[in-house]
Amino acid sequence: MTAPSGDPRTARTRAKLGRALLEECARRPLADVSVAALVRRAGVGRATFYLHYADLEALAVDACADIVREAVDALHAWRGVPDPEAPPAALLTFFEDIAPHVALYRELLRPGGSGPLGLVLHQDLRARIRSERALAGAPEPDLVASAVAATFAGVLGDWLHGLIDATPAEIAHRVWRLLISLHRTPLRA
């Protein structure tokens, strides 16, 4: 059973659970977090937790995906011609804000962008980019959407696992240039 997603109480409860999970995971790995400790920190009942989530991993994926979605929303809020040398502040903030939660993100997003968070991230990014490109009449919305989503998830996963050596600010600049390049690549048959 799941609570109605449009209900404001549902959103508040999920937000409380997400914050509590991030706080717990700042102190210990996800595998060591108990539902009892989580609901105590969130101030909700155990039954409420299970009304919203099947298990802690489902909550973790949802909480982390929400953070990524917020960054994607902020990234797509710019207008005009993007400057490839100056990533939006939202991208810098995103990488800085997830740095304290690297251990949790590593559990959910594997190198190359796979894992439960990688799947959600890829699907959400692909759908968003495809829709925007199709509305703008940009060429190859399916191809570019797949490329951008896979690139972002893959680079994020590799960076989290230490396969790309960069500070949050450095990776934000590199990712931004890469994403701009993918969007601008001329696609001809």
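Parameters at a glance
Every chain is numbered independently, its residues counted from 1 as its sequence is written. The predicted origin of the model limits local features to residues at a pLDDT of at least 70 and limits the giving and counting of side-chain atom pairs to 80 or more, whereas totals for whole chains, interfaces and linings rest on all residues. Side-chain numbers here rest on the full set of heavy atoms in the structure, without hydrogens or water. Think of it this way: any DSSP run of H or I at least four residues long counts as a helix, any run of E at least two long counts as a strand, and we number them from the N terminus. All radius of gyration figures rest on C-alpha atoms, and the globule criterion is 2.2 Å times the number of residues raised to 0.38. Three exposure classes are used, based on accessible area relative to the maximum for each residue type with a 1.4 Å probe and protein chains only: buried under 20%, partly exposed in between, and exposed over 50%. Residue contacts are counted whenever heavy atoms from the two residues lie within 4.5 Å of one another. Residue burial considers only the protein chains on display, and all accessible areas are found by Shrake-Rupley using a 1.4 Å probe. In this charge count, Lys and Arg are treated as positive and Asp and Glu as negative; neither His nor the chain ends contribute. To locate a charge, take atom NZ for lysine, CZ for arginine, CG for aspartate or CD for glutamate. Note on geometry: axes are C-alpha line fits, over the in-contact stretch for helices, and angles between N-to-C directions span 0 to 180 degrees. It is the rotation of the near helix from the far one that decides the hand of a crossing: anticlockwise by less than a right angle makes it left-handed, clockwise makes it right-handed. Residue classes follow a fixed rule: Ala, Val, Leu, Ile, Met, Phe, Trp, Tyr, Cys and Pro count as nonpolar, while Asp, Glu, Lys and Arg count as charged, and any other residue, Gly among them, counts as polar.

A. Structural view of the overall build of the chain. The number of helices and strands found in the chain is nine helices and zero strands. Secondary structure of the chain in N-to-C order comes out as α-α-α-α-α-α-α-α-α. Taken against the 2.2 N^0.38 rule, which gives 16 Å for 189 residues, the C-alpha radius of gyration of the chain at 18 Å falls within 12% of a compact globule. When its C-alpha atoms are laid out on the principal axes, the chain stretches across 55 × 35 × 25 Å. Counting only residues that meet the buried cut, the chain has 40% of its 189 residues in that class. Once local pairs closer than 6 in sequence are excluded, the contacts in the chain between residues at least 24 apart make up 65%. A total of about 9,900 Å² of accessible surface is found on the chain, and carbon and sulfur atoms cover 56% of it. Each charge sign in the chain was given a centre, from 22 positive and 22 negative side chains, and these centres are 4 Å apart.

B. Looking closely at the packing of helix 7 (residues 116–136) against helix 8 (residues 141–160). Packing of helix 7 against helix 8 brings their axes to within 8 Å, and their N-to-C directions diverge by 145 degrees. Seen along the crossing, helix 7 lies across helix 8 with a hand that is right-handed. Listed contacts from helix 8 to Leu 121, His 122, Leu 125, Arg 126, Ile 129, Arg 130, Arg 133 and Ala 134 of helix 7 are Pro 141, Asp 142, Val 144, Ala 145, Ser 146, Val 148, Ala 149, Ala 150, Phe 152, Ala 153 and Leu 156. Looking at the contact of helix 7 with helix 8 residue by residue, the classes come out as 13 nonpolar, two polar and four charged.

Function cannot be read off these values alone, since they describe shape.
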